[in-house]
Amino acid sequence: MRKYIKIHPSDHVAVALVPLPAGTTVEADGKQICLSEDIPQGHKFALTDLSVGDRVLKYGAPIGIVTKPVRAGTWVHIHNLKTGLGEILSYSYRKPTARPAWPPVSEAGHAAGETSISGNTSEHFCFHGFRRTDGQAGIRNELWILPAVGCVSHVAAALEKRAQTLVCGSVETVCAFSHPYGCSQMGEDQENTRRILADLIRHPNAGGVLVLGLGCENSGVEVLKTYLGAYDERRVKFLVCQEAEDELEDGMRLLEELAAYASSFQREPIGCEELVVGLKCGGSDGLSGITANPTVGVCSDLLVACGGATILTEVPEMFGAETLLMDRCENEEVFRQTVSLINDFKEYFIRHQQTIYENPSPGNKQGGISTLEDKALGCTQKSGSAPVRGVLSYGERLTNRGLHLLSAPGNDLVSSTALAAAGAHLILFTTGRGTPFGAPVPTLKLSSNSELFRKKNNWIDFDCGVLTESGTPQELGRRLFAFVLSAASGEKVKSEKAGYHGMAIFRQGVTL
């Protein structure tokens, strides 16, 4: 078993893959180093003496500045390391040299020179999904109940409970997405709600959608229809509760109609070029950037090589690693959009008089992440090595293939909802701490350490902690890609089995 790792040849620190007691001797760069204190799993220890003001390298890049003298073999964390990041920065465009890690897909349906993934034949480069009448492909055939305003969320929940009797045949489940939005909002805040709700109504994972309005809200049914544009009236139904004598009876009648329509859809083979996967992390630890995130990066590159799309979000968690993404932008226009993505989010922090480079969460710190640079350099590895093809604003839907960046905050449910609204069919969610939540689309949880996988097996779908013992991210990424195709073909992930699903919208304005 590997006990520690030096990630990049130029690094000043190594990471403990298992708890290392004081007195343990490690070898790095031909030198024997005795650890002077206990090093928890996922935490860093110095490989060389460091002075106050020195920049500490991990992943081959700076993760912070030394605040107290550090001797080789000592623990490096928040007690002797601080962020080295500033605020609004200027960036220069450089023509990209990075290319996808995987060769392009041939007409035969598999990567040139490749015959299989994890031993599977090339037919597994498709998934079995649902073809909608508007041409979109979905990976689930669900009935969704979407309140236009929070006032009717309890009605939506009651209808969800009653409508489980409609789950049969190809109708897989009935989900109500309760939320507190849709009224007493102004400006961009209200626009966010309208855009996200309209995006979810159009999402192809829903075979039928019931939109519930109250009747007096400022983002009501008639307003939402203008954001939808043309829609299939067999697939989308509306109910204004103030106009109904019994909204539960009327709601059930409409859901029965939607179920009958949704039942007409059956799974069929669909090429991976139509699959969209969201990339997200939460509750990270010091192993996330060593095991889970690189594995997701390999999976992302594989899907992009197959002609599909991936979306990376959590803009504040790109701070400190944004230039790595900028250097991979496909062209100068995408580069400029990425610069705006980063600096606009910094301006958002400044407007609200908040520190741009706030340290990671308490859970992140406990897991060994010391600064935002430390977090970001691990976080962005989920994007693999493919060129960045586009940048999406919050509430914008994906219209292209390849790797994209999406404007959304770090909050798990807010950013996951934004990924679903952008068009993600499912989300790969890496974690070192664990979380049970589910987004509007299947949310596949990947643990960065095996202890979490064993302890919370009811939450975690895929264990990346095995990389601390053997294997490579490339090998595990192939297995993950096969797992993703199984999930896209109907295999339920843990949060779905538990019945967990939810949504949250980015609030930026005042509440009336």
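Per an unreviewed UniProt entry, the protein goes by the name Altronate dehydratase family protein and belongs to Candidatus Fusicatenibacter intestinigallinarum. Under the heading Sequence similarities (unreviewed entry), UniProt records this for the protein: "Belongs to the UxaA family."

> Explain the overall build of the protein here, please?
Along the protein, the regular secondary structure elements total 13 helices and 23 strands. Each of the 512 residues in the protein was classed as buried or not, and the buried ones make up 57%. Surface accessibility of the protein: about 20100 Å² in total, with carbon and sulfur atoms responsible for 51%. Separation between the mean location of the 49 positive side-chain charges and that of the 57 negative ones in the protein comes to 4 Å.

> Which parts of the structure should I look at to understand the packing of helix α2 (residues 187-201) against helix α3 (residues 221-228)?
Packed helices, taken two at a time, are described by their axes: the angle between them and the distance between them. With their axes 9 Å apart at the nearest point, α2 and α3 run at an angle of 65 degrees to one another. Put simply, α2 runs roughly perpendicular to α3. For the pair α2 and α3, the sense of crossing is right-handed. Contacts from Glu191, Arg194, Arg195, Leu197, Ala198 and Ile201 in α2 reach Val223, Leu224, Tyr227 and Leu228 in α3. Here the residues of the contact of α2 with α3 are counted per class, giving seven nonpolar, no polar and three charged.

> How should I be thinking about the side chain of Thr431 in this particular structure?
Positionally, Thr431 belongs in strand β21 (residues 426-431). In terms of polar contacts, Thr431 uses its side chain to reach the backbone carbonyl oxygen of Gly282, at 2.8 Å. Beyond its immediate stretch of four places on either side in the chain, Thr431 contacts Gly282, Gly283, Leu446, Ser447, Ser448, Leu452 and Ile460.

> What should I look at first to understand the side chain of Thr295 in this one?
Relative to the helices and strands, Thr295 resides in helix α5 (residues 292-305). Within the structure, Thr295 has its side chain in polar contact with the backbone oxygen of Thr291 (distance 2.8 Å).

> For this particular structure, what's the right way to read the sheet that holds strand β9 (residues 81-82)?
Hydrogen bonds between backbone atoms are what pair the strands of a sheet, whose relative direction is either parallel or antiparallel. Here we have three strands laid out as an open sheet, ordered β6-β7-β9, and antiparallel in their pairing. Looking along the sheet, the strands with just one partner apiece sit at the ends: β6 (55-58) and β9.

> I would appreciate a short explanation of a nonpolar patch on the surface in the present structure.
A cluster of nonpolar side chains, Met186, Val510 and Leu512, forms an exposed patch at the surface whose accessible area comes to about 320 Å². Among the structural elements, Leu512 can be located in the segment after α13 (494-497).

> For this particular structure, what's the right way to read the sheet that holds strand β11 (residues 137-138)?
Read across the sheet, three strands follow the order β11-β10-β16 without closing on themselves; strand pairing throughout is antiparallel. Each of the sheet's edge strands pairs with one partner strand only, and the pair in question is β11 and β16 (268-271).

> What's the story with empty space enclosed by the protein in this structure? I'm lost.
Remark: the empty space left among the atoms is shown by a probe the size of a water molecule rolled over them. Summed over all chains, the structure comprises four cavities of 30 Å³ or more. A volume near 80 Å³ is recorded for the largest cavity. As for the largest cavity, its lining consists of 14 residues, and the residues nearest its centre are Asp285, Gly289, Ile369, Lys375 and Gly378.

> Help me out: how do you make sense of the nonpolar core in this one?
Nonpolar side chains tend toward joint burial in soluble globular proteins. Leu275, Leu428, Leu480 and Phe481 are the most contacted members of the largest nonpolar core, which has 100 residues in total. At eight residues, helix α7 (residues 332-351) tops the list of elements feeding residues into this core. The next biggest cluster of nonpolar side chains, apart from the first, holds 25 residues, and it includes Ile145, Leu159, Leu254 and Leu255.

> So what exactly am I meant to see when it comes to the pairing of strand β10 (residues 126-131) here?
As defined by bridge partners, β10 adjoins β16 across four bridges and the pair is classed as antiparallel. Along β16, the bridge assignment pairs Phe127 with Ile270. As defined by bridge partners, β10 adjoins β11 across two bridges and the pair is classed as antiparallel. Looking at the pairing, Phe130 lines up with Gly138 of β11. A loop of five residues connects β10 with β11, the two strands running antiparallel in sequence, and Gly135 in this loop sits at a positive phi of about 95 degrees.

> Is there a simple way to think about the packing of aromatic side chains in this case?
Aromatic rings considered in pairs are described by the distance between their centres and by the relative angle of their planes. Tallied over the full model, the rule gives 15 aromatic pairs. Ring geometry for Phe345 versus Phe349: centroids 6.3 Å apart, planes at 50 degrees, classification tilted. Of this pair, Phe345 and Phe349 both sit in helix α7, separated by four residues, roughly a single helical turn. For Phe345, a relative accessible area of 4% puts it in the buried group. An angle of 5 degrees between the planes, with centres 6.1 Å apart, marks the rings of Phe345 and Phe506 as stacked.

> Just checking my understanding: could you explain the pattern of salt bridges for this structure?
Side chains carrying opposite charge are able to pair once their charged atoms draw close together. Taken as a whole and judged by the stated rule, the model has 22 salt bridges. Here Asp374 makes a salt bridge to Lys44, at a shortest N to O gap of 2.9 Å. Separated by 330 residues along the polypeptide, Asp374 in helix α9 (residues 372-379) and Lys44 in strand β5 (residues 44-46) bring together distant segments of the chain. Ionic pairing is found between Glu274 and Arg131, a salt bridge with its closest N-O pair at 2.7 Å. Of this pair, Glu274 sits in the loop between β16 and β17 (276-281) while Arg131 sits in strand β10; the two residues are 143 residues apart in sequence, bridging distant segments of the chain. By relative accessible area, Glu274 is classed as partly exposed at 24%. When salt bridges with common partners are traced through the structure, they connect Lys44, Lys58 and Asp374 into a single cluster.

> It is not clear to me how the environment of His128 should be interpreted in this structure. Could you clarify?
Assignment of secondary structure puts His128 in strand β10. Since its relative accessible area comes to 36%, His128 is described here as partly exposed. In sequence terms His128 and Ala292 are 164 residues apart; their C-alpha atoms lie 26 Å from each other. Those residues in contact with His128 that lie beyond four places of it in its chain are Arg267, Glu268, Pro269, Ala488 and Ser489.

Rules used throughout
Residues numbered from 1 in each chain as written. Predicted model: local features only at pLDDT ≥ 70, side-chain atom pairs only at ≥ 80, totals over all residues. Heavy atoms only, no water. UniProt positions renumbered as here; feature names shortened; annotations may be inferred. Helix = DSSP H or I, 4+ residues; strand = E, 2+ residues; numbered from the N terminus. Buried < 20%, exposed > 50% of the residue type's maximum accessible area, 1.4 Å probe, protein only. Areas by Shrake-Rupley, 256 points an atom, 1.4 Å probe, with all protein chains shown as cover. Lys, Arg positive; Asp, Glu negative; His and termini not counted. Charge placed at Lys NZ, Arg CZ, Asp CG, Glu CD. Axes fitted to C-alpha atoms, helices over the stretch in contact; angles between N-to-C directions. Parallel < 35°, antiparallel > 145°, perpendicular 65-115°, else oblique. Left-handed = near helix turned anticlockwise from the far one by under 90°. Contact = heavy atoms within 4.5 Å. Nonpolar A, V, L, I, M, F, W, Y, C, P; charged D, E, K, R; others polar. Polar contact = N/O pair within 3.5 Å; in protein donor to acceptor, adjacent residues only side chain to side chain. Pairing = 2+ DSSP bridges. Patch = residues over 30% accessible without salt bridge, like charges linked within 9 Å, V, L, I, M, F, W, Y side chains within 5 Å. Salt bridge = Lys/Arg side-chain N within 4 Å of Asp/Glu carboxyl O. 1 Å grid on protein atoms, 1.4 Å probe; cavity = no way out; pocket = protein on both sides within 12 Å on 5 of 7 lines; lining within 4 Å. Points joined across faces, edges and corners; volume = space filled by probe spheres on them. Core = buried A, V, L, I, M, F, W, Y, C linked by side-chain atoms within 4.5 Å. Phe/Tyr/Trp six-rings, centres within 6.5 Å; stacked < 30°, edge-to-face > 60°.

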